[in-house]
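Listed here are the chains, written in short residue letters.
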Amino acid sequence: AVVSTQSTGGLSSAMSAAKAIGDHIHDWWFGTQPGQWTSMGVASDGSYNIPEGVIYSFPVTIDSDRNWKVVQGLAQDDFATEKMKLTYDELLEEATAAASL
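Residues numbered from 1 in each chain as written. Predicted model: local features only at pLDDT ≥ 70, side-chain atom pairs only at ≥ 80, totals over all residues. Heavy atoms only, no water.

(A) Expanded view of the nonpolar core. Grouped together as the largest cluster of nonpolar side chains are 12 residues: Met40, Val42, Tyr48, Ile50, Val54, Tyr56, Phe58, Val60, Ile62, Val70, Met84 and Tyr88. Of all the elements in the fold, those that place two or more residues in this core are β1 (38-43), β2 (55-62) and α2 (78-99). Among the elements that take part in this core, β2 stands out by supplying 4 residues, more than any other. The residues contacting valine 54, other than those within four sequence positions of it, are Val42, Ala43, Ser44 and Tyr88. (Core = buried A, V, L, I, M, F, W, Y, C linked by side-chain atoms within 4.5 Å. Buried < 20%, exposed > 50% of the residue type's maximum accessible area, 1.4 Å probe, protein only. Helix = DSSP H or I, 4+ residues; strand = E, 2+ residues; numbered from the N terminus. Contact = heavy atoms within 4.5 Å.)

Right, here's the structure in full:
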């Protein structure tokens, strides 16, 4: 089968996913560049109104010892706040469903 690459900048969806994984592991292993951050699913410390302990994707910096820290103070508009709340609600729903199995 032929995989379309038109909408992914020349990469198939599988290659796109593989590149994203490689980029993520690179940042985790080597750290983020000064002034740069990446997104990573980590345990919430209460940042961005996500309750503490919830595993959620946050903007983080990673130091050379592979320690991550949530980036604070990024501006978010009402649209972003609403989408983050919807995502949290979906995670809570999924956790509740999984706990009932």
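Next, the rest of the story.
(B) Representation of the packing of aromatic side chains within the structure. Throughout the structure, instances matching the rule amount to 2 aromatic pairs. Geometrically, the ring pair formed by tyrosine 48 and phenylalanine 58 is tilted, given 6.3 Å between the ring centres and 35° between the ring planes. Separated by 10 residues along the polypeptide, tyrosine 48 in the loop between β1 and β2 and phenylalanine 58 in strand β2 bring together distant segments of the chain. Residue tyrosine 48 is classed as buried on the basis of its relative accessible area of 17%. Their ring planes at 50° and their centres at 5.3 Å tell us that tyrosine 56 and phenylalanine 58 sit as a pair that is tilted. With a relative accessible area of 1%, phenylalanine 58 lands in the buried category. Among the aromatic residues, those joined into a cluster by ring pairs are Tyr48, Tyr56 and Phe58. (Phe/Tyr/Trp six-rings, centres within 6.5 Å; stacked < 30°, edge-to-face > 60°.)

(C) Here's a closer look at the pattern of salt bridges. The tally for this structure, following the rule as stated, stands at 2 salt bridges. A salt bridge links aspartate 89 to lysine 85; its shortest N-O distance comes to 3.0 Å. Here lysine 85 and aspartate 89 lie together in helix α2, a separation of 4 residues that amounts to about one turn. The partly exposed category is assigned to aspartate 89, whose relative accessible area is 28%. (Salt bridge = Lys/Arg side-chain N within 4 Å of Asp/Glu carboxyl O.)

(D) Local environment of the sheet that holds strand β3 (residues 68-70). What the 3 strands build is an open sheet, ordered β1-β2-β3; its pairing is antiparallel. Edge positions in the sheet fall to β1 and β3, since each has one partner strand and no second. Averaged over all adjacent pairs, the angle separating strand axes in this sheet is 60°, with direction ignored. When β1 meets β2, the two strands line up antiparallel, connected through 6 bridges. Within β2, the position partnered with serine 39 by the bridge is proline 59. (Pairing = 2+ DSSP bridges. Axes fitted to C-alpha atoms, helices over the stretch in contact; angles between N-to-C directions.)

(E) Representation of the side chain of threonine 38. As for its position among the elements, threonine 38 is in strand β1. Here threonine 38 falls in the buried class, since its relative accessible area comes to 14%. In contact with threonine 38, other than residues within four places in its own chain, are Asp27, Thr32, Phe58, Pro59, Val60 and Ile62.

Worth remembering: the numbers are spatial, not functional.
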